[in-house]
Amino acid sequence: MNKTKKEIGETIREVRKERGLSQEELSKRMGFKDRSGLTKIETGVNDISGEALAQLAELLEVHVGIFFTGKTCTLPEFRIVRYDDYYRDDMIFMVLSAKDALGKIPSINPDLLDIESNYFAKGDMFWVALDGVRVIGCVGYETINPSEARVHRLYIKPELKRQGVGSALMQTLEKYIRERGYTKISIHTGDEKYWESKLFYKAKGFVETQPNILERNLD
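Summarised in this report is the structure supplied together with it. (Residues numbered from 1 in each chain as written. Predicted model: local features only at pLDDT ≥ 70, side-chain atom pairs only at ≥ 80, totals over all residues. Heavy atoms only, no water.)

**Let's talk about the pattern of salt bridges**
Here is step 1 of the chain: For the structure shown, the criterion picks out 16 salt bridges.
Here is step 2 of the chain: Residue Lys 184 is joined to Glu 148 by a salt bridge in which the shortest nitrogen-to-oxygen separation is 3.6 Å. Separated by 36 residues along the polypeptide, Lys 184 in strand 5 (residues 184-188) and Glu 148 in strand 4 (residues 148-156) bring together distant segments of the chain.
Here is step 3 of the chain: By relative accessible area, which is 22% here, Lys 184 ends up partly exposed.
Here is step 4 of the chain: Here Lys 198 ties to Glu 208 by a salt bridge, and the two come within 3.2 Å at their closest N and O atoms. Residue Lys 198 is located in helix 8 (residues 195-203), and its partner Glu 208 is located in strand 6 (residues 207-210); the two are separated by 10 residues in the primary sequence.
Here is step 5 of the chain: Taking the relative accessible area as the measure of exposure, Lys 198 reaches 18% and is therefore buried.
Here is step 6 of the chain: The class for Glu 208 is partly exposed, based on a relative accessible area of 30%.
Here is step 7 of the chain: Through salt bridges with shared partners, one network takes in Glu 148, Arg 150, Lys 184 and Glu 215. (Salt bridge = Lys/Arg side-chain N within 4 Å of Asp/Glu carboxyl O. Helix = DSSP H or I, 4+ residues; strand = E, 2+ residues; numbered from the N terminus. Buried < 20%, exposed > 50% of the residue type's maximum accessible area, 1.4 Å probe, protein only.)

Encoded structure:
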């Protein structure tokens, strides 16, 4: 059954809280001057346009249909740990599955075959997200210069996309590089098949400065 205006607002509030976002933070990301507009949407006082709902879906990493149906939003339980070769085969399988879901010919990036040499030995870092002992996501970064880190290989298990795994991996990465003095973060998103990836990063404040290159200064 489709939801009423008030029920849509309640769902927005529920998902926002599950993502650990305050009204002030989400309002800022949506481009609102203050939180009053979001408050009126969440309480059902004001309607929200389809375009704004699509934006919210990207910001909150959910499918837009959740706002119109009776489905609930349950976050998967997972933890993020430093990569270990124990997880190598499962991570590779997850990456291949993610690429297949994008309609790309599944192939493995050479750097993923030797994380130690391509990341740790260079002073960079790589993490995996685990559901129990199974890999459901991964991300790493490469140092471009002393102030800039470039995100590499953010992949999520296809059926768990838009459920907060990507955001949690990015939060882990950003906290780590901030503590090490980086002031800028960037990402090369690839060709048009990665349009969803661009929306993900733009929703997090990244700006496209060159074709397929998005950047953001760290606060």
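After that view, the rundown keeps rolling.
**What to know about the environment of Glu 159**
Here is step 1 of the chain: By the secondary structure assignment, Glu 159 is in the loop between strand 4 and helix 7 (165-179).
Here is step 2 of the chain: According to the relative accessible area criterion, Glu 159 is exposed, its value standing at 52%.

**Things to note about a negative patch on the surface**
Here is step 1 of the chain: Taken together, the side chains of Asp 84, Asp 85, Asp 114 and Glu 116 present a region of like negative charge at the surface.
Here is step 2 of the chain: Inspection of the secondary structure puts Asp 84 in the loop between strand 1 (79-82) and helix 5 (88-101). (Patch = residues over 30% accessible without salt bridge, like charges linked within 9 Å, V, L, I, M, F, W, Y side chains within 5 Å. Areas by Shrake-Rupley, 256 points an atom, 1.4 Å probe, with all protein chains shown as cover. Lys, Arg positive; Asp, Glu negative; His and termini not counted. Charge placed at Lys NZ, Arg CZ, Asp CG, Glu CD.)

**Observations regarding the sheet that holds strand 2 (residues 126-131)**
Here is step 1 of the chain: The seven strands lie next to each other as 1-2-3-4-5-7-6, forming an open sheet whose pairing is mixed. The open sheet has two free edges, formed respectively by strand 1 and strand 6, since each of these has just one partner strand. Across the sheet, the mean angle from the axis of one strand to that of its neighbour is 30 degrees, orientation sign disregarded.
Here is step 2 of the chain: Relative to strand 2, strand 1 is paired through four bridges, and the arrangement is antiparallel. Bridged to Val 81 within strand 2 is Val 128.
Here is step 3 of the chain: On the sheet, helix 5 packs against strand 2, strand 3 (134-145) and strand 4 and is oriented at approximately 85 degrees with respect to strand 3. (Pairing = 2+ DSSP bridges. Axes fitted to C-alpha atoms, helices over the stretch in contact; angles between N-to-C directions. Contact = heavy atoms within 4.5 Å.)

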